[in-house]
Amino acid sequence: MSNEIIVALVSMAGTVLGSFGGIITSSKLTTYRLEKLEQKVDRHNSFAERMPVIEEKIKVLNHRVEDIEREFYDENK
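My aim in this report is to walk through the structure given alongside it, one point at a time. Since this is a predicted model, take the numbers as computed values, not measurements.

Thresholds, definitions, all that
Residues numbered from 1 in each chain as written. Predicted model: local features only at pLDDT ≥ 70, side-chain atom pairs only at ≥ 80, totals over all residues. Heavy atoms only, no water. Helix = DSSP H or I, 4+ residues; strand = E, 2+ residues; numbered from the N terminus. Rg over C-alpha atoms; globule rule 2.2 N^0.38 Å. Buried < 20%, exposed > 50% of the residue type's maximum accessible area, 1.4 Å probe, protein only. Areas by Shrake-Rupley, 256 points an atom, 1.4 Å probe, with all protein chains shown as cover. Lys, Arg positive; Asp, Glu negative; His and termini not counted. Charge placed at Lys NZ, Arg CZ, Asp CG, Glu CD. Phe/Tyr/Trp six-rings, centres within 6.5 Å; stacked < 30°, edge-to-face > 60°.

This next bit is on the overall build of the chain. Each helix and strand in the chain was counted, giving one helix and zero strands. Since a compact globule built from 77 residues should have a radius of gyration of about 11 Å, the 33 Å found for the chain marks it as more spread out than a globular shape. Along the first, second and third principal axes, the C-alpha atoms of the chain reach 110 × 15 × 5 Å. Across the 77 residues in the chain, those meeting the buried criterion constitute 0%. Accessible area of the chain: about 7,400 Å², with a carbon and sulfur share of 62%. Averaged over its 11 positive side-chain charges, the chain has a centre that lies 6 Å from the centre of its 13 negative ones.

Okay, here's the thing in structure tokens:
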């Protein structure tokens, strides 16, 4: 084989290995970022599930405060 063919084959092998290495690295990075995004979504969903409970508790507390204020004003008339 001539030197040109050997150089071409070595160059091709390097190009193929470099391309596959880049694809694998990119795939790992994409998988990592998706996992982090899923964790953020899970935290957000947990918060979204708790919000209606908190809102209901705030409503109850507001009613209790209104009742206490009404009693206070009625006593001080």
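Next comes the rest of the write-up.
Turning our eyes to something else, we now look at the packing of aromatic side chains. Describing an aromatic ring pair means giving the distance of the ring centres and the angle of the ring planes. Applying the stated criterion across every chain yields a total of one aromatic pair. Relative to Y73, the ring of F72 lies with its centre 5.7 Å away and its plane at 65 degrees, an arrangement referred to as edge-to-face. Residue classification places F72 among the partly exposed positions, given a relative accessible area of 49%.

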